[in-house]
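Descriptive analysis of the structure
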Amino acid sequence: RAKASGGDHICLYDKAMDDTARMQRRLVDDMRQAIARNELELHYQVQIRLPAEEAVSYEALVRWRHPERGLVPPNDFIPLAEQSGLIVKLGEWVLRTACAEAAAWPSQLPVSVNLSPLQLVAPNFVAKLKSILEITGMDPKRLELEVTESCFIADGAKAGAVLHAVKQLGVSISMDDFGAGYSSLAMLNSFPFDKIKLDRSLIEDLNSSEKSKGIVRAILSLGTALDVPVIAEGVETIEQLNYLCAEGCVLIQGYYYGRPERHLATRGLLTDDETAQPEGEVTPPNLT
Ligand code: C2E
Ligand code: MG
Ligand code: MG
Ligand code: MG
């Protein structure tokens, strides 16, 4: 039958397309149920301030506790959630859960939550955020929202307007993944970000590339010039830490100080005087 229709090549191709579409539809259905069944959970990664190495904030990162597949990382389902529009519901779950959990932390440190572009332009985003803050009793001053440059690509004016309204509530806004993709100086100029997050790819290359060192140094001095704090993400080694420290970067996030952990939210570890400890046997950084 394949021959009759002009060769099985085309036929196989069509079938493959069909399978992919069916698989994706199934995954979206599974995700929708995952939200209803409470299979999603938030892990929190500490952000540190040098030189005291004190915890200053925690970033919420979503995971899917899948009944068969185990703990699924966000990169395996967030893109499809964005493509299908389900991210609006999923993102609402993340916001509500992060606010409810952080409101109960003894430390009262800020929490940061990642936002997708679609969430920002969804109808009533600001009203929803406001009601989440009210219902959970979360202090808006303790909430930071992380956006990437992709938020400004489709409709930059609309995104800017929504973010301004969000800031009116007392919530702060961070520019995530700066130095990757198309993140531009114009974007920094067009919106008053409260924090700039240096992309992990730049930090990763610090060891091997003089160019990356230069770019990191330039972004740090940009932060100083604009009076916007800069945090380095993805810091794993003492060498990276020493370079950043020497260049005046005092805010650090990365495996060197801690991975995203569920227990930070549940075991009451977030006490007032908590100072984060490096995992395992790590030599304290040379902070001179
Ligand atoms: P992101 O917001 O840039 O988050 C940082 C990612 O880098 C996290 O990956 C974190 O676990 C990882 N990371 C932190 N320090 C290190 C390090 O020292 N080394 C290495 N190799 N990785 C490090 P994760 O949790 O897999 O999240 C990936 C991305 O998924 C996030 O990137 C964010 O864009 C997205 N994402 C996560 N949670 C949410 C969410 O609730 N909503 C939305 N819209 N996106 C989310
Ligand atoms: Mg982030
Ligand atoms: Mg990032
Ligand atoms: Mg990212």
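Residues numbered from 1 in each chain as written. Chains lettered and ligands numbered in written order. Predicted model: local features only at pLDDT ≥ 70, side-chain atom pairs only at ≥ 80, totals over all residues. Heavy atoms only, no water.

What to know about the nonpolar core
Grouped together as the largest cluster of nonpolar side chains are 76 residues, with contacts concentrated most on Leu143, Leu145, Leu198, Leu244 and Ile252. Residue contributions to this core peak at 8 residues, all from helix α3 (residues 87-103). Beyond its immediate chain neighbours, meaning those up to four positions away, Leu198 contacts Phe178, Ile203, Val216, Ile219, Leu220, Val230, Ile231, Ala232, Glu233 and Leu244. (Core = buried A, V, L, I, M, F, W, Y, C linked by side-chain atoms within 4.5 Å. Buried < 20%, exposed > 50% of the residue type's maximum accessible area, 1.4 Å probe, protein only. Helix = DSSP H or I, 4+ residues; strand = E, 2+ residues; numbered from the N terminus. Contact = heavy atoms within 4.5 Å.)

Examining the packing of helix α5 (residues 125-136) against helix α6 (residues 156-168)
Across the interface, α5 lies against α6 with an axial gap of 10 Å and an inter-helix angle of 20°. Looking at the two axes, α5 sits roughly parallel to α6. Our pair here, α5 against α6, has a crossing hand that is right-handed. Residues Phe125, Val126 and Leu129 of α5 lie in contact with α6, whose contacting residues are Val162, Ala165 and Val166. (Axes fitted to C-alpha atoms, helices over the stretch in contact; angles between N-to-C directions. Parallel < 35°, antiparallel > 145°, perpendicular 65-115°, else oblique. Left-handed = near helix turned anticlockwise from the far one by under 90°.)

As for unusual backbone geometry
Cis rather than trans, the peptide bond between Leu50 and Pro51 has omega equal to 5°. A positive phi is found at Glu53, a non-glycine position, where the angle reads about 60°. Among the residues examined, Glu53 registers a relative accessible area of 17% and is labelled buried. Phi is positive for Asn124, which is not a glycine, with a value near 70°. We classify Asn124 as exposed; its relative accessible area is 55%.

Some details on the pairing of strand β6 (residues 172-178)
Across the 7 residues that make up β6, a large majority, 6, are buried. With 4 bridges joining them, strand β5 (residues 143-147) and β6 adopt parallel strand pairing. If you follow Glu144 over to β6, its bridge partner there is Ser172. Once the chain exits β5 it traverses α6 before rejoining the sheet at β6, and the crossover so formed is right-handed. (Pairing = 2+ DSSP bridges. Right-handed = clockwise from strand over helix to strand, strands pointing away.)

Topic: the state of the cysteines
Scanning the model with the defined rule gives 0 disulfides in all. Note on Cys245: no disulfide assigned, nearest cysteine sulfur contributed by Cys249 at a separation of 8.6 Å. (Disulfide = S-S within 2.5 Å.)

Regarding the confidence of the model for the protein chain
Within the protein chain, residue pLDDT values average 88, and 86% of them lie at 70 or more. Predicted confidence for residues 1-6 stays below pLDDT 50, and this span has 2 contacts to residues more than four positions away or in other chains. In this model, residues 271-288 is a region of pLDDT below 50 whose contacts with residues beyond four sequence positions or in other chains number 34 contacts. Scoring the predicted complex yields pTM 0.89 and, for the interface, ipTM 0.98. (pLDDT = per-residue confidence, 0-100.)

Considering the coordination of the magnesium ion (ligand 2)
Here the magnesium ion (ligand 2) is held by Glu59 (OE), Asn114 (OD1), Glu146 (OE) and Asp176 (OD), and the distances to it run 2.0 to 2.3 Å. Here the donor residues of the magnesium ion (ligand 2) share one chain and are spaced in sequence as E-x54-N-x31-E-x29-D. A relative accessible area of 28% means that Asn114 is categorised as partly exposed. (Donors = N, O, S within 2.8 Å, 3.2 Å for Na, K, Ca; no water.)

Some points on the side chain of Glu144
When you line up the elements, Glu144 lands in strand β5. Engagement of the side chain of Glu144 in a polar contact is seen with the side chain of Lys195, the distance being 3.4 Å. Each residue touching Glu144, except ones within four places of it in the same chain, is listed here: Gln47, Ser57, Pro110, Val111, Ser112, Val113, Ser172, Ser174 and Lys195. (Polar contact = N/O pair within 3.5 Å; in protein donor to acceptor, adjacent residues only side chain to side chain.)

Describing the layout of surface pockets
Of the voids in this model, the largest pocket is the one considered here, and its volume is about 1200 Å³. Along the wall of the largest pocket there are 37 residues; nearest its centre are Leu61, Pro74, Asn75, Asn114 and Asp176. Secondary structure elements with two or more residues in the lining of the largest pocket: β2 (54-66), α2 (78-84), α3, α4 (117-121), β5 and β6. Per-element accounting of the lining of the largest pocket gives the leading share, 5 residues, to β2. Among the residues making up the lining of the largest pocket, the classes are represented as 15 nonpolar, 11 polar and 11 charged. Space inside the second largest pocket adds up to approximately 300 Å³. Along the wall of the second largest pocket there are 16 residues; nearest its centre are Arg26, Leu27, Asp30, His66 and Arg69. Elements supplying a minimum of two residues to the lining of the second largest pocket: α1 (8-36) and β2. A per-class count over the lining of the second largest pocket returns 6 nonpolar, 4 polar and 6 charged. (1 Å grid on protein atoms, 1.4 Å probe; cavity = no way out; pocket = protein on both sides within 12 Å on 5 of 7 lines; lining within 4 Å. Points joined across faces, edges and corners; volume = space filled by probe spheres on them. Nonpolar A, V, L, I, M, F, W, Y, C, P; charged D, E, K, R; others polar.)

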